[in-house]
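One letter stands for each residue in the lines below.
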Amino acid sequence: MCSSWAHDSHNLLVLATSVELAVRAVNRVIAEQGGIALVDESEETFIPLPYGGIISIEPIAVLSGQIQQVRTWLVDHGYQAREEIMNFAVLSLPVSPELKISDKGLVDVRKQQLVDWKNQ
């Protein structure tokens, strides 16, 4: 999964089991200039977010179906969380506890420092 809707920074946020799948998802979001790409070995689904990479122009009935599709995809691929999409999106919000992802690396929010994960 790659999303341009990643709370606070709105950098691309990627969750993947391989580099190849990550690259496919990222390239799709870049090509479409914003959205959510769901990519696995057998299929690819894309939800466009054409305004700033965070806003849909679809009617709410269409958007709600797309959002449910993302939630189902995450669960089907092993993502375990309540409110799957919001949980995923706030992984990049480096001001809420505990461990977050930023463009500088992993952040221990409580200690307010980057995590040296390579030496642990």
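As the structure is a prediction and not an experimental result, all values here were calculated from the model.

Conventions adopted
- Residues numbered from 1 in each chain as written.
- Predicted model: local features only at pLDDT ≥ 70, side-chain atom pairs only at ≥ 80, totals over all residues.
- Heavy atoms only, no water.
- Helix = DSSP H or I, 4+ residues; strand = E, 2+ residues; numbered from the N terminus.
- Expected span 1.5 Å × (residues − 1).
- Buried < 20%, exposed > 50% of the residue type's maximum accessible area, 1.4 Å probe, protein only.
- Arc of directions from axis to C-beta.
- Contact = heavy atoms within 4.5 Å.
- Salt bridge = Lys/Arg side-chain N within 4 Å of Asp/Glu carboxyl O.

K.L.:
How should helix H2 (residues 60-76) be read in this particular structure?
P.N.:
A turn of α-helix holds 3.6 residues, and therefore any two residues three or four places apart point the same way. Over its 17 residues, H2 runs 24 Å from end to end, which matches the ideal 24 Å to within 8%, given 1.5 Å per residue. Taken as a whole, H2 has its buried residues at Gln66, Val70, Trp73 and Leu74. The buried residues of H2 occupy an angular sector of 100° when projected down its axis, which confines them to one face. Every exposed residue of H2 that faces more than 90 degrees away from the buried side is listed here: Ile60, Ala61 and Asp76.

K.L.:
Is there a simple way to think about the environment of Gly35 in this case?
P.N.:
Counting through the fold element by element, Gly35 comes out in strand E3 (residues 35-39). By relative accessible area, Gly35 is classed as buried at 0%. When the C-alpha positions of Gly35 and Gly53 are compared, they lie 5.6 Å apart, and in sequence the two are 18 residues distant. The contacts of Gly35, once residues within four sequence positions are left out, are Cys2, Ser3, Ser4, Val29, Phe46, Ile47, Pro48, Leu49 and Gly53.

K.L.:
Where do I start with the pattern of salt bridges in this structure?
P.N.:
Between side chains of opposite charge, a pair can form when the charged atoms approach closely. What the rule picks out here adds up to four salt bridges. For Arg24, the salt bridge is made with Glu44, and the minimal N-O distance between the two is 3.6 Å. With a gap of 20 residues between them, Arg24 in helix H1 (residues 19-32) and Glu44 in strand E4 (residues 44-48) connect regions that are remote in the sequence. Residue Arg24 is classed as partly exposed on the basis of its relative accessible area, which comes to 34%. Assessed through its relative accessible area of 35%, Glu44 is described here as partly exposed.

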